[in-house]
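# Report on the structure
In case you want the letters, here they are:
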Amino acid sequence: MQRSVRVLALVLAIGLVAALPLAVRPASGHAQRTVGEYELTVGWRDEPAVAGYLNGLDLGIQRHFPNGTTAWVVGVAGNLTATLATGPASAAKNLEPQFGRDGWYTFDVAPTRVGTYSVRLNGTLGSTPVNVKVDLDDVSPASDLAFPPANDFQSQLDAANAVITGLQGQLLIALVVACLGLLAAAGGLVVGWRMSRTQRKTP
């Protein structure tokens, strides 16, 4: 019995250690904003953000009490709206709680443009009004992560060879189809010529 309890305790300890990085993962590149008693931590969910790849908002909300204690704020997704913007384009997004991270909220988005994005948070936290705009880290082009680079000469040569091979295959198919068409036409002419001769011989 004691051995089973020890094994269970060991398993729980390992699970807590494994989950710790997820619960308190560093928010590098995130910005902090203070609204009344609340501290907002805002950034991209996956950093660096890359154009064309799924990402999302990473919003943490922590309350600072007068006695010096803090607590993550849960259940406020319905009280806040988030508007994502880049250049003249903007879109309102619904916040959702992040799984396994109390006090953290998100929405999914796949940024398609390279450049600067911002998010504006509006609503209330308790009785505190919220109207905060935060500039997010710039979205990078996918070429920054591509390997080998798209402008690599060998990559371009391989792509050109692939196109040439495809065109050669298409040309071969077209020639075969043309030859079959010519054979069919010739066969039709022969059959027609024979039928006309047969009709002439018939008294």
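As shown above, the structure is provided for reference.
The paragraphs below set out a description of the structure included in this document.

The next thing to look at is the overall build of the protein. Looking only at helices and strands, the protein features two helices and eleven strands. Mapped from its N terminus to its C terminus, the protein presents α and β elements in the order α-β-β-β-β-β-β-β-β-β-β-β-α. Here the protein holds 203 residues, and the buried ones make up 25% of them. Within the protein, residue pairs in contact and separated by at least 24 positions form 56% of the contacts whose partners lie at least 6 positions apart. In the form shown here, the protein has an accessible surface area of approximately 13800 Å², with 63% of it arising from carbon and sulfur atoms.

Another point: a negative patch on the surface. Negative charge collects at one region of the surface, where Asp46, Glu47, Asp135, Asp137 and Asp138 lie side by side. Looking at the element boundaries, Asp46 is found in the loop between strand 2 (38–44) and strand 3 (55–64). Judged by its relative accessible area of 39%, Asp46 is partly exposed.

Applying the stated rule across the entire model yields two aromatic pairs. With a centroid separation of 5.7 Å and 70° between ring planes, the pair formed by Trp44 and Tyr117 is classed as edge-to-face. Of this pair, Trp44 sits in strand 2 while Tyr117 sits in the loop between strand 9 (108–109) and strand 10 (118–125), and the two are 73 residues apart along the sequence. Accessibility expressed as a relative area gives 2% for Trp44, which makes it buried. Both rings, one in Trp72 and one in Trp104, keep their centres 5.5 Å apart while their planes meet at 40°; by these two values the pair is tilted. Within this pair, whereas Trp72 is found in strand 4 (residues 70–72), its partner Trp104 is found in strand 8 (residues 104–106), the two being separated by 32 residues in sequence. Residue classification places Trp72 among the partly exposed residues on the basis of a relative accessible area of 38%.

A separate point is the sheet that holds strand 11 (residues 128–135). Spatially, the four strands line up as an open sheet ordered 6-5-10-11, and their pairing is antiparallel. The sheet is open, and its two borders are formed by strand 6 (89–93) and strand 11, each paired with just one other strand. Strand-to-strand twist in this sheet, taken as the mean axis angle between neighbours without regard to direction, amounts to 15°. Both strand 5 (residues 80–86) and strand 10 contribute to a ladder of six bridges, which runs antiparallel.

The buried count for strand 5 comes to five of seven residues, which makes it a mostly enclosed element. In the sheet, strand 5 pairs with strand 6 via five bridges, with the strands oriented antiparallel. Counterpart to Thr83 in the pairing with strand 6 is Ala92. Hairpin geometry of strand 5 and strand 6 is characterised by an intervening segment of two residues between the two adjacent antiparallel strands and by a positive phi of about 60° at Gly87.

Each value, and the rule that gives it
- Residues numbered from 1 in each chain as written.
- Predicted model: local features only at pLDDT ≥ 70, side-chain atom pairs only at ≥ 80, totals over all residues.
- Heavy atoms only, no water.
- Helix = DSSP H or I, 4+ residues; strand = E, 2+ residues; numbered from the N terminus.
- Buried < 20%, exposed > 50% of the residue type's maximum accessible area, 1.4 Å probe, protein only.
- Contact = heavy atoms within 4.5 Å.
- Areas by Shrake-Rupley, 256 points an atom, 1.4 Å probe, with all protein chains shown as cover.
- Patch = residues over 30% accessible without salt bridge, like charges linked within 9 Å, V, L, I, M, F, W, Y side chains within 5 Å.
- Salt bridge = Lys/Arg side-chain N within 4 Å of Asp/Glu carboxyl O.
- Lys, Arg positive; Asp, Glu negative; His and termini not counted.
- Charge placed at Lys NZ, Arg CZ, Asp CG, Glu CD.
- Phe/Tyr/Trp six-rings, centres within 6.5 Å; stacked < 30°, edge-to-face > 60°.
- Pairing = 2+ DSSP bridges.
- Axes fitted to C-alpha atoms, helices over the stretch in contact; angles between N-to-C directions.

Functional significance is not addressed by these values, which are geometric in nature.
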